[in-house]
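# Breakdown of the fold
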Amino acid sequence: MNTPQPLPRWADPDVPAAVLDPQGISRRGLLRRAGLYGAGFAGAAYTVGAASTPAEAHPPHRGGNDPHLAYLVGDHHIHSVYSHDAKYTFSQLATAASRYGLDWMVMTEHSNIGHHAAGGAEAEHREILKARAENRRMLIFQGLEWYIPGAEHATVFSAPGRHEVDLLTRFEQEYDGKLLGYTAGAADHPDTPRNEAHAVKALQWLERQKRRGYVDDVLVVANHPLRLGINSPHEMRAWRDAAPGIMIGMEGAPGSQGAAHPGRGARSIRGEYENGPSANSFPGYPLDAYVTYGGFDWATATVGGLWDAMLAEGRLFSVTSNSDVHRVVFDTWRNGDWLPGQNFDNAGRLPDPVDTTEPQPGSDLWPGQFSRTHVGVTRYGYRHVMAGLRAGRVWVDHGRLVDGIEVRVAPTHGGHGPGVTLGGRLRVRRGEHVTLTVTVTTASRPNHHGELPRLAHLDVIRGAVAGPARDSDSWTAPDTRVAHTADVSGRTGRFTLRIPLGRIEESCYVRLRGSDGRRNGPGLLGATVDPHGPIRHEPGDGDPWVDTWLYTNPVFVDVVR
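Definitions and cut-offs
- Residues numbered from 1 in each chain as written.
- Predicted model: local features only at pLDDT ≥ 70, side-chain atom pairs only at ≥ 80, totals over all residues.
- Heavy atoms only, no water.
- pLDDT = per-residue confidence, 0-100.
- Contact = heavy atoms within 4.5 Å.
- Helix = DSSP H or I, 4+ residues; strand = E, 2+ residues; numbered from the N terminus.
- Polar contact = N/O pair within 3.5 Å; in protein donor to acceptor, adjacent residues only side chain to side chain.
- Buried < 20%, exposed > 50% of the residue type's maximum accessible area, 1.4 Å probe, protein only.
- Pairing = 2+ DSSP bridges.
- Salt bridge = Lys/Arg side-chain N within 4 Å of Asp/Glu carboxyl O.
- Axes fitted to C-alpha atoms, helices over the stretch in contact; angles between N-to-C directions.
- 1 Å grid on protein atoms, 1.4 Å probe; cavity = no way out; pocket = protein on both sides within 12 Å on 5 of 7 lines; lining within 4 Å.
- Points joined across faces, edges and corners; volume = space filled by probe spheres on them.
- Nonpolar A, V, L, I, M, F, W, Y, C, P; charged D, E, K, R; others polar.

## As for the confidence of the model for the protein chain
On average, residues of the protein chain carry a pLDDT of 94, and 94% of them reach 70 or more. Overall, residues 47-53 carries pLDDT values under 50, and its contacts beyond four positions in sequence, including any with other chains, amount to 13 contacts.

## What to know about the side chain of Asp543
Structurally, Asp543 is set in the loop between strand S21 (508-515) and strand S22 (549-552). Looking at Asp543, its side chain comes within polar contact range of the main-chain nitrogen of Trp545, at 3.0 Å. With near-sequence residues (within four places) excluded, Asp543 lies in contact with Ala260, His261, Pro262, Arg270 and His449.

## Regarding the pairing of strand S7 (residues 153-158)
With six of its six residues buried, S7 lies for the most part within the structure. Bridge count between strand S6 (residues 139-147) and S7: five bridges; the pairing is antiparallel. Within S7, the residue paired with Tyr147 across the bridge is His153. Counting the residues that bridge the hairpin from S6 to S7 gives five residues, and of these Gly150 lies at a positive phi of roughly 75°. The sheet contact formed by S7 and strand S8 (residues 218-222) spans five bridges and is antiparallel.

## With respect to the side chain of Asp558
Along the polypeptide, Asp558 turns up in strand S23 (residues 555-560). Polar side-chain contacts of Asp558 include one of 2.7 Å to the side chain of Arg425. Asp558 has contacts with Arg425, Leu426, Arg427, Val428 and Ser507, leaving out every residue within four places of it along the chain.

## Observations regarding the pattern of salt bridges
This structure, assessed with the given rule, holds 31 salt bridges. Residue Glu207 pairs with Arg211 through a salt bridge whose shortest N-O separation is 2.2 Å. Of this pair, Glu207 and Arg211 both sit in helix H7 (residues 192-211), four residues apart, roughly one helical turn. Note that Arg240 and Glu313 form a salt bridge whose closest N and O atoms lie 3.0 Å from each other. Of the two residues, Arg240 is situated in helix H8 (residues 233-242) and Glu313 in the loop between helix H10 (306-311) and strand S10 (318-321); the sequence distance between them amounts to 73 residues. We classify Arg240 as buried; its relative accessible area is 1%.

## Description of the environment of Ala70
Tracing the chain through its elements places Ala70 in strand S4 (residues 70-78). Considering only alpha carbons, one finds Ala70 and Val375, 305 residues apart in sequence, at a separation of 7.9 Å. Apart from the residues within four sequence positions on either side, Ala70 is in contact with Leu31, Leu36, Phe41, Val375, Gly376 and Val377.

## Observations regarding the sheet that holds strand S20 (residues 494-504)
Here three strands make up an open sheet; going across it, the order is S15-S17-S20 and the pairing antiparallel. Every interior strand has two partners, whereas the edge strands, strand S15 (402-411) and S20, have only one. Across the sheet, the mean angle from the axis of one strand to that of its neighbour is 15°, orientation sign disregarded. Bridge count between strand S17 (residues 432-442) and S20: 10 bridges; the pairing is antiparallel. Looking at the pairing, Thr437 lines up with Arg498 of S20. In the packing of helix H1 (residues 22-33) onto the sheet, the strands contacted are S15, S17 and S20, and the crossing angle to S15 comes to about 20°.

## So, empty space enclosed by the protein
The final tally for this structure, using the stated rule, is three cavities of 30 Å³ or more. Considering the residues around the largest cavity, the lining is formed by 16 residues, among which Leu30, Ala70, Tyr71, Asp403 and Gly404 are closest to the centre. Of all the secondary structure elements, the ones that give two or more residues to the lining of the largest cavity are H1, S4, strand S13 (371-377) and S15. The computed volume of the second largest cavity comes to approximately 40 Å³. Lining the second largest cavity we find Gly255, Ser256, Gln257, Asn322, Ser323, Leu365, Trp366, Gln369, Phe370 and Ser371. Here the residues of the lining of the second largest cavity sort into three nonpolar, seven polar and no charged.

## Focus: the layout of surface pockets
Taking a probe equal in size to a water molecule and rolling it over the atoms shows the remaining empty space. Quantified by volume, the second largest pocket comes out at close to 450 Å³. As for the second largest pocket, its lining consists of 22 residues, of which Arg9, Trp10, Ser98, Gly101 and Leu102 are closest to the centre. Of all the secondary structure elements, the ones that give two or more residues to the lining of the second largest pocket are H1 and helix H2 (90-99). For the lining of the second largest pocket, the element with the most residues is H1, which contributes three residues. The class makeup of the residues in the lining of the second largest pocket is eight nonpolar, five polar and nine charged.

Here you go:
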């Protein structure tokens, strides 16, 4: 079944530019420059049983041959009244996501007894269908938040189709660590080997469902990976290696970015990263790993740290940024009242919320209000978003720091194609010169804090590709460091940087990082590795709007004969 998918307003040629806001006009300009503006950008809303590969996936090509892309803004970690600890309806969430400019979103309810026993996925699906009908210009995925056996949580979601509900229901029943009681993760606990093996089996099961066409597509992303320190490096590598096309990455920045907002009255840390080591934590992590830096997880924020250690193996592992919305900071809604005899375990959902007109407890921001995951596509549609995520064509930002960032890596002396972009692999001969080209479109309108964001600097982070890790619990990449910093303060509009990477003698990767420049200092592995990285804030004093960053996925450069 193919159903035409209406385009977002900014991408729809039938919507006059005069009715768009400045960011909509900016995004339409980016779409035009990519050569994708027009009716042909529209994909299909649903493609059931299709096995074709969207244009986002391309085989390696010497010199690079990646297509021009448009970036769709989304959030893959959102909770509704179908999660025991949230409070918003599907309608409230979809309305907010639309208001804050999202093109796609994933509903991810917690697995638990009440959710499963009350037929949560099936009941949610009725809400999903209603939300899709009411918000036809947005892609709304159904997913769940998986309790990984012996570890943290993860988003699991599939493409719309006949079996999307059955997939989630079966997966929750057979593989959820909380439902099964498979929670132990301590190195000396007798259940840990079984639990870790069950997580791998779960990913392999999802991969089989995709391979045999039971669902068109399915993806998994690890959520708030270092919040509790219970995702060990060897587990994360095992998940990636078990199903590399399914387990595609991790949240580079968690949700709950309003947790330490001044005036909230809490002694908290952005992301609600306010824990310490437990019996289930990996003992090799330092205490620094349990807090965020510029709102980003330690694994991502540390140059030469865990994310880089995984990339240094030459394997793509993406980062994302999401709201994880449960309860919005300073919001006035509270949970509704239960009817007599009702509770979450027998109802499978919470009562609809009630507006009190007074601020209520919360630590989150609305989907798209602050955290954004940008996915590069050549067409608009569910499968194209998933293909872009799998290909690693992803960059993330906070506070709407920029409107757009386009990255290309290509041989300095052309003739081999336009180069490769985020998530891609450039194949070159040893000694060939390579250039990194970065085009930035600065913020076109004030963010939702009322100020116009300004990008202050862009850092090029470069690391050597050394092959598989000898120690699966290693979390450092000694050859990764900030290789170049461009001061872009004061630059506005659209500008391009051309940064020579020099002669390539060994395989490597590059990724980008930038910020508003208001809070930085020497990185966690020293100033020679990272002279001006993100830094931690004092508990309860972490206004997210005055410390905003962006990160891109890597581009790999492979030396071939």
